[in-house]
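Report on the structure
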Amino acid sequence: KNFKMSASSLTSFIDIVYSGPQEFFKNYILGAPQEPENEALAFGNLIHKTFEVVTNQKISDEEAVEYFIKELDKRSISSDVKNRLSEKGPTDLLVSLKAFSEILRQGKAEVNLSPEKIVINGVPVVGKIDHIIIDEKTKKIEIYDYKTGGYHKEKWQSHATLYKYMLQLCFYKLLLNNSEHYKNYKIEKAHILFVTPDKDNLVYDKEYIFNPKDEATLLKLIKNVYSLIISLDFM
């Protein structure tokens, strides 16, 4: 009765390779304890926190690196992981800060729409968006989501991970469209920022253009998955 769907819970439920209904049930219904942070998860969390401070406080790249290291020292992770992140993390962070400086230093960070108690097609939904940029002149919003995993150059529909990312972006659009604060804005495109440099020391901005077909598919998916969840039929 208390369950509210998020983009991550939806994609967790349908991802039968790396997650699936059983993992969903454990994490989102039972609220089981999470596994300790590994290196990849710690890096992702640190990047998100650092980018949030860059946006909100407009700190310099050098100050962002200092913040990253300070937050790293607070993590409850092994000394080996801390050492690796303290060596590689600041270098990777600087590459992303340079590439995405214009994006990070405008707009809003960590836009939490959960307090609005949004309901879509009878399904209560929640979510927090990494970053949005609002153009008040054109009344448009662009959505940005950060990923620390490897870059995927394939088309959105032809790669399992990219397909999940696409669903997440569409989910965020629905949240904004149904939000009292943002419902009067037009949302035409979104971005996945792959913030971990590849072997060529490059980071990537992968753009997604919203379309009615993908949105209709997501709306149907949300309704069907929610029906399975509240009835426990997936068990």
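Residues numbered from 1 in each chain as written. Predicted model: local features only at pLDDT ≥ 70, side-chain atom pairs only at ≥ 80, totals over all residues. Heavy atoms only, no water.

A few words on the packing of aromatic side chains. Inspection of every chain in the model, using the stated rule, returns 15 aromatic pairs. Seen in terms of ring centroids, Phe13 and Phe24 are 5.3 Å apart; in terms of plane orientation they differ by 80°. Their pairing is edge-to-face. With Phe13 in helix α1 (residues 7-14) and Phe24 in helix α2 (residues 21-29), this pair connects stretches of sequence that are 11 residues apart. Considered together, Phe13 and Phe24 belong to a single accessibility category, that of buried residues. (Phe/Tyr/Trp six-rings, centres within 6.5 Å; stacked < 30°, edge-to-face > 60°. Helix = DSSP H or I, 4+ residues; strand = E, 2+ residues; numbered from the N terminus. Buried < 20%, exposed > 50% of the residue type's maximum accessible area, 1.4 Å probe, protein only.)

The N-to-C vectors of α1 and α2 enclose an angle of 145°; their axes lie 7 Å apart at closest approach. Here α1 and α2 pass one another in a crossing that is right-handed. Here Ser8, Ser9, Ser12 and Phe13 of α1 come into contact with α2, specifically with Pro21, Phe24 and Tyr28. When grouped by side-chain class, the residues that make up the contact of α1 with α2 number four nonpolar, three polar and no charged. (Axes fitted to C-alpha atoms, helices over the stretch in contact; angles between N-to-C directions. Left-handed = near helix turned anticlockwise from the far one by under 90°. Contact = heavy atoms within 4.5 Å. Nonpolar A, V, L, I, M, F, W, Y, C, P; charged D, E, K, R; others polar.)

Another point: the pattern of salt bridges. Should the charged atoms of two oppositely charged side chains come close, the side chains can pair. Counting across every chain of the model gives 17 salt bridges. The closest approach of N and O atoms between Asp61 and Arg105, which form a salt bridge, is 2.8 Å. Of this pair, Asp61 sits in helix α4 (residues 61-74) while Arg105 sits in the loop between α6 (101-104) and β1 (108-112); the two residues are 44 residues apart in sequence, bridging distant segments of the chain. Judged by its relative accessible area of 23%, Arg105 is partly exposed. Between Asp200 and Lys199 there is a salt bridge, and its shortest N-O distance comes to 3.6 Å. If you follow the salt bridges from partner to partner, you end up with Lys49, Glu71 and Lys74 in one network. (Salt bridge = Lys/Arg side-chain N within 4 Å of Asp/Glu carboxyl O.)

Before going further, it helps to examine the nonpolar core. One broad trend across soluble globular proteins is that nonpolar side chains are buried collectively. Among the nonpolar cores identified, the biggest contains 43 residues, and Met5, Ile143, Leu169 and Phe171 are the most heavily contacted of them. Here this core takes 11 residues from helix α7 (residues 160-177), the largest share from any one element. Residue contacts for Phe171: discarding those within four places in its chain leaves Met5, Ser6, Ala7, Leu10, Val125, Val126, Leu218 and Ile222. Listed in part, the 28 residues of the second largest apolar core include Leu46, Ile47, Val65 and Ile77. (Core = buried A, V, L, I, M, F, W, Y, C linked by side-chain atoms within 4.5 Å.)

Below, the discussion takes up the sheet that holds β1. Strand order in the open sheet formed by five strands is β1-β4-β5-β6-β7, with mixed pairing between adjacent strands. A strand with exactly one partner marks an edge of an open sheet, and here the two such strands are β1 and β7 (204-209). Here the strands of the sheet are splayed against their neighbours by 35° on average, with no regard to which way each runs. As paired elements, strand β6 (residues 189-194) and β7 share six bridges and run antiparallel to each other. Note that in β7 the partner of Ala190 across the bridge is Tyr208. The sheet contacts of helix α3 (residues 39-57) involve β1, β4 (128-135) and β5 (140-147), and relative to β1 the element is tilted by about 115°. (Pairing = 2+ DSSP bridges.)

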